[in-house]
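Per-entry structural report
Read off the chains here:
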Amino acid sequence: MEEGLDDKFRCKCPLCREKMPDANALQEIITITSKHANKGRAWAQSLVGSWYMDGTHGFALDKEKGLQLIEESADQRYPDALLQFALAYKEGTLERDESKYMYYLKEAADVGHESAQRILGVSYRECSNEKEHLHYTTLAASQGDLNACGMLGVHFFYAQCGLTKSFVLAKHYSEKNSEDGLSAFILSLALLQLGKERYEEIMEIPGHSPIPTVLFCARKAQEGEMLPIKGEATELVSMLENVAKSHCANCRKGAEGSPLKRCIRCLGAWYCGKECQVQHWKAGHKVDCTERHQLIQR
């Protein structure tokens, strides 16, 4: 059977058609990368330079050699090398120089390095340049940088940096970084506000209630390391739970001194009995119910 094009070119470099090594063949990868570095290929110089800097992958620790390779790669405007060179001036690997740090950082950001864009955005905010801060933070977020997404979520929720308050965009960006405590808390607040706006303060419509997901996100924020956020998240959880457990989510009957049974799946709804729980599930709680180990994006 004649070899097809897919078989012919599979596992070959699309540029030079050289056979690509198996992902597990570490020594072969190192050998090929070194060969390309000797040919002046920027991507390979950046990698081998970092290996010399760290003394890894069989390369003896040699910061001078590593910096030389990284500089040669940076001269070709390779994004990773530009960021590496910037950090060398910031962290003292090279003689500290703030102007050179900013120059190479901006070069890396301008050629599309998402981490450089986020770091540069933070630097601009520290010097009160909100326009450039938003520009580079948005670029980083558009490439999927989670920390940049988290920052934009905060900015849109609190209308910071000249942005118009938007709970929709606060939700959009925060849920991308929902593993972070602050982003999880902003997401809980945004979902709560959107629910109030959409349903005119009626928050427990089966199939449309944000309460289980809001509680999930707020509890996630309680696990974070930022003490002020943990405190505010605890207050939000307490407030929502006190309201929710005061009555049956299905028949609205008050607790009247006897504790109601909690939905063990989402921990966000209470019932006076199994019959009410089954009815409420069929009425729409199955849509609202958020498992404790996962976040359902609404």
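The preceding data block contains the structure.
This section reports on the structure supplied with the text. (Residues numbered from 1 in each chain as written. Predicted model: local features only at pLDDT ≥ 70, side-chain atom pairs only at ≥ 80, totals over all residues. Heavy atoms only, no water.)

1. What about the overall build of the protein chain?
Of regular secondary structure, the protein chain possesses 14 helices and two strands. For a compact globule of 298 residues, the expected C-alpha radius of gyration is about 19 Å, and the protein chain comes in at 26 Å, more than 25% above that figure. Dimensions of the protein chain, computed from C-alpha atoms along their principal axes, come out at roughly 80 × 65 × 30 Å. Summarising the internal contacts of the protein chain: among those between residues at least 6 apart in sequence, 44% fall at separations of at least 24. (Helix = DSSP H or I, 4+ residues; strand = E, 2+ residues; numbered from the N terminus. Rg over C-alpha atoms; globule rule 2.2 N^0.38 Å. Contact = heavy atoms within 4.5 Å.)

2. Considerations on the side chain of T137
Secondary-structure assignment places T137 in helix 8 (residues 130-142). At 2.7 Å, the side chain of T137 forms a polar contact with the backbone oxygen of H133. (Polar contact = N/O pair within 3.5 Å; in protein donor to acceptor, adjacent residues only side chain to side chain.)

3. Some details on the environment of V154
Tracing the sequence through the fold places V154 in helix 9 (residues 146-158). Residues V154 and K165, 11 residues apart in the sequence, show an inter-C-alpha distance of 9.9 Å. When near neighbours in sequence (up to four residues on either side) are disregarded, V154 contacts Q160, L182 and I186.

4. Here we look at the nonpolar core
Residues F157, F185, L192, L236 and L240 are the most contacted members of the largest nonpolar core, which totals 35 residues. Sorting the residues of this core by element identifies helix 8, helix 9, helix 10 (167-174), helix 11 (181-198), helix 12 (211-222) and helix 13 (227-244) as the ones contributing at least two each. Here L236 is in contact with F185, S188, L189, L192, V214 and A218, once residues within four sequence places are set aside. With 20 residues, the next largest nonpolar core counts F85, Y101, A109 and L120 among its residues. (Core = buried A, V, L, I, M, F, W, Y, C linked by side-chain atoms within 4.5 Å. Buried < 20%, exposed > 50% of the residue type's maximum accessible area, 1.4 Å probe, protein only.)

5. Comments concerning the packing of helix 2 (residues 26-38) against helix 3 (residues 42-54)
Where helix 2 meets helix 3, the closest approach of the two axes is 8 Å, and the angle between their N-to-C directions is 115 degrees. In terms of crossing hand, the pair formed by helix 2 and helix 3 is left-handed. Contacts between helix 2 and helix 3 pair I30, T33, S34, H36 and A37 from the former with W43, A44, Q45, L47, V48 and W51 from the latter. Grouping the constituent residues of the contact of helix 2 with helix 3 by class yields seven nonpolar, four polar and no charged. (Axes fitted to C-alpha atoms, helices over the stretch in contact; angles between N-to-C directions. Left-handed = near helix turned anticlockwise from the far one by under 90°. Nonpolar A, V, L, I, M, F, W, Y, C, P; charged D, E, K, R; others polar.)

6. A look at the side chain of S174
Along the chain, the position of S174 falls in helix 10. A polar side-chain atom of S174 sits 2.8 Å from the main-chain carbonyl oxygen of A170.

7. Some points on the environment of N147
Mapped onto the secondary structure, N147 falls in helix 9. For N147, a relative accessible area of 44% corresponds to the partly exposed category. Excluding anything up to four places from it in sequence, N147 contacts R118 and N177.

8. A short note on the packing of helix 10 against helix 11
Taken N-terminus to C-terminus, the directions of helix 10 and helix 11 make an angle of 145 degrees; their axes are 9 Å apart at the nearest point. Helix-helix and strand crossings are classified by hand; for helix 10 and helix 11 the assignment is left-handed. Touching F167, V168, A170, K171 and S174 of helix 10 are S183, I186, L187, A190, L191, Q193, L194 and E197, all from helix 11. For the contact of helix 10 with helix 11, the class distribution of residues is eight nonpolar, three polar and two charged.

9. Some details on unusual backbone geometry
In the Ramachandran plot, C161 falls in the positive-phi region, its phi being about 55 degrees despite a non-glycine side chain. With respect to the helices and strands, the residue C161 is situated in the loop between helix 9 and helix 10. Accessibility expressed as a relative area gives 10% for C161, which makes it buried. The backbone of E201 sits at a positive phi, close to 75 degrees, despite the residue not being glycine. Residue position: E201 is located in the loop between helix 11 and helix 12.

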